[in-house]
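As a plain string of letters, each chain reads:
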Amino acid sequence: MNSILNSSKNFSKLFLFGIFVPLFLFLLPIQAQTIYSIDNVPSPKEKGQDFFVSNPDGIISGSTVNILDSISIDIEKHTGSEYTIVIVNDYQADDDFQFALDLFNKWEIGKKNVNNGLLLFIAKEKKQYRFISGYGMETIFPDAYLKRVGEKYLVPNFKNEDYDLGIILASEFIAKI
């Protein structure tokens, strides 16, 4: 009788082990994803004045961030305009335009007296991008023009999950204007 009880206990232990260990191993790689609000998107300026890219989820590579920072530095040196890029997995808001506009205003992108900032905001999980330009940039980059830039460079590359290439191509095009 003891051997039957012991084998029953062992079976129960093995059964529970067989269910919970694989379940735990399945759930282990799932990490909590940050859903950003205006207040917790890290500003690239926290690293210094020559940083223009916020990539807190590591969606684009470090080398791409360096290329984009370099493009933004060149834009600022040649035009005085400030071009900032934010790419996150997800954000907490109903409207990408309002979120990006609020972020643009909070960070005060561009020079205050000429309002010459440009923000490219990307939310990977929601499959959204949004350009926000200061009033001083709207004659150079009207909304319809920026939409075409997004459709030509961002959308096709994002569909292929190549965020690095899409953002670099769009940024290089913007730098030429």
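Residues numbered from 1 in each chain as written. Predicted model: local features only at pLDDT ≥ 70, side-chain atom pairs only at ≥ 80, totals over all residues. Heavy atoms only, no water.

**Student:** A description of the overall build of the chain should follow, citing residues and the corresponding values.
**Tutor:** The secondary structure content of the chain amounts to 5 helices and 6 strands. For the chain, the sequential pattern of α-helices and β-strands runs α-β-β-α-β-β-α-β-β-α-α. Looking at the chain as a whole, 38% of its 177 residues are labelled buried. Counting only contacts in the chain whose residues sit at least 6 apart along the sequence, the fraction spanning at least 24 positions is 58%. Working note: accessible area of the chain is about 10,600 Å², and carbon and sulfur atoms make up 57% of it. (Helix = DSSP H or I, 4+ residues; strand = E, 2+ residues; numbered from the N terminus. Buried < 20%, exposed > 50% of the residue type's maximum accessible area, 1.4 Å probe, protein only. Contact = heavy atoms within 4.5 Å. Areas by Shrake-Rupley, 256 points an atom, 1.4 Å probe, with all protein chains shown as cover.)

**Student:** Before we move on, could you go through the environment of Asp50 and cite the residues and values that matter?
**Tutor:** Positionally, Asp50 belongs in the loop between β1 (35-36) and β2 (53-54). A relative accessible area of 46% means that Asp50 is categorised as partly exposed. Residues Asp50 and Ser70, 20 residues apart in the sequence, show an inter-C-alpha distance of 8.3 Å. Each residue touching Asp50, except ones within four places of it in the same chain, is listed here: Asp69 and Ile73.

**Student:** Account for the packing of aromatic side chains, with residues named and values stated.
**Tutor:** With the rule as written, the count across this model stands at 8 aromatic pairs. Relative to Phe99, the ring of Tyr91 has its centre 4.7 Å away and its plane inclined at 40°; by these criteria the two rings are tilted. The pair formed by Tyr91 and Phe99 is uniform in burial state, with each residue classed as buried. Taken together through their ring pairs, the aromatic side chains of Phe141, Tyr145, Tyr153 and Phe173 make up a single cluster. Over the face of the ring belonging to Phe52 we find Lys45, whose NZ or CZ atom lies 3.5 Å from the ring centre. Over the ring of Tyr91 we find Lys126; its NZ or CZ atom is 3.9 Å from the centre of that ring. (Phe/Tyr/Trp six-rings, centres within 6.5 Å; stacked < 30°, edge-to-face > 60°. Lys NZ or Arg CZ within 6 Å of the ring centre and 35° of its normal.)

**Student:** Summarise the environment of Ile167; cite the residues concerned and give the values.
**Tutor:** For Ile167, the position within the fold is in helix α5 (residues 163-176). Residue class for Ile167 comes out buried when judged on its relative accessible area of 0%. For the pair formed by Ile167 and Asn157, sequence separation is 10 residues and the distance between their alpha carbons is 8.6 Å. Ignoring any residue separated from it by four or fewer positions in sequence, one finds Ile167 in contact with Ile60, Leu68, Ile85, Ile87, Leu120, Ile122, Leu154 and Phe158.

**Student:** Describe in detail the pairing of strand β6 (residues 128-133), supporting the description with residues and values.
**Tutor:** Across 6 bridges, strand β5 (residues 117-123) lies against β6 in antiparallel orientation. Following the sheet pairing, Leu120 is matched in β6 by Phe131. Taking the residues that link successive antiparallel strands as the turn, the β5-β6 hairpin has 4 residues, and the phi of Lys127 there is positive, at about 55°. (Pairing = 2+ DSSP bridges.)

**Student:** Hey, could you go over α5 for me, with residue numbers and the actual values?
**Tutor:** The terminal C-alpha atoms of α5 lie 20 Å apart, and with 14 residues this matches the ideal 20 Å at 1.5 Å per residue to within 8%. Taken as a whole, α5 has its buried residues at Tyr163, Asp164, Gly166, Ile167, Ile168, Ala170, Ser171 and Ile174. Where α5 is buried, its residues touch α2 (62-79), β3 (82-88), β5, β6 and α4 (143-159). (Expected span 1.5 Å × (residues − 1).)

**Student:** Give me unusual backbone geometry: which residues, what numbers.
**Tutor:** Although it is not a glycine, Glu108 sits at a positive phi angle of roughly 55°. By the element assignment, Glu108 lies in the loop between α3 (96-107) and β5. Judged by relative accessible area, which is 52%, Glu108 ranks as exposed.

**Student:** If you had to explain the nonpolar core to someone new, which residues and values would you point to?
**Tutor:** Grouped together as the largest cluster of nonpolar side chains are 26 residues, with contacts concentrated most on Ile60, Leu68, Leu118, Leu120, Phe131 and Ile167. Contributing elements (two or more residues each) for this core: α2, β3, β5, α4 and α5. Excluding residues that lie within four positions of it along the chain, Phe131 makes contacts with Leu118, Leu119, Leu120, Leu146, Val149, Gly150, Leu154 and Ile174. Among the nonpolar cores identified, the runner-up in size contains 16 residues, and Tyr36, Val41, Val86 and Phe99 belong to it. (Core = buried A, V, L, I, M, F, W, Y, C linked by side-chain atoms within 4.5 Å.)

So, to be careful, I would describe these as geometric facts and stop short of saying anything about function.
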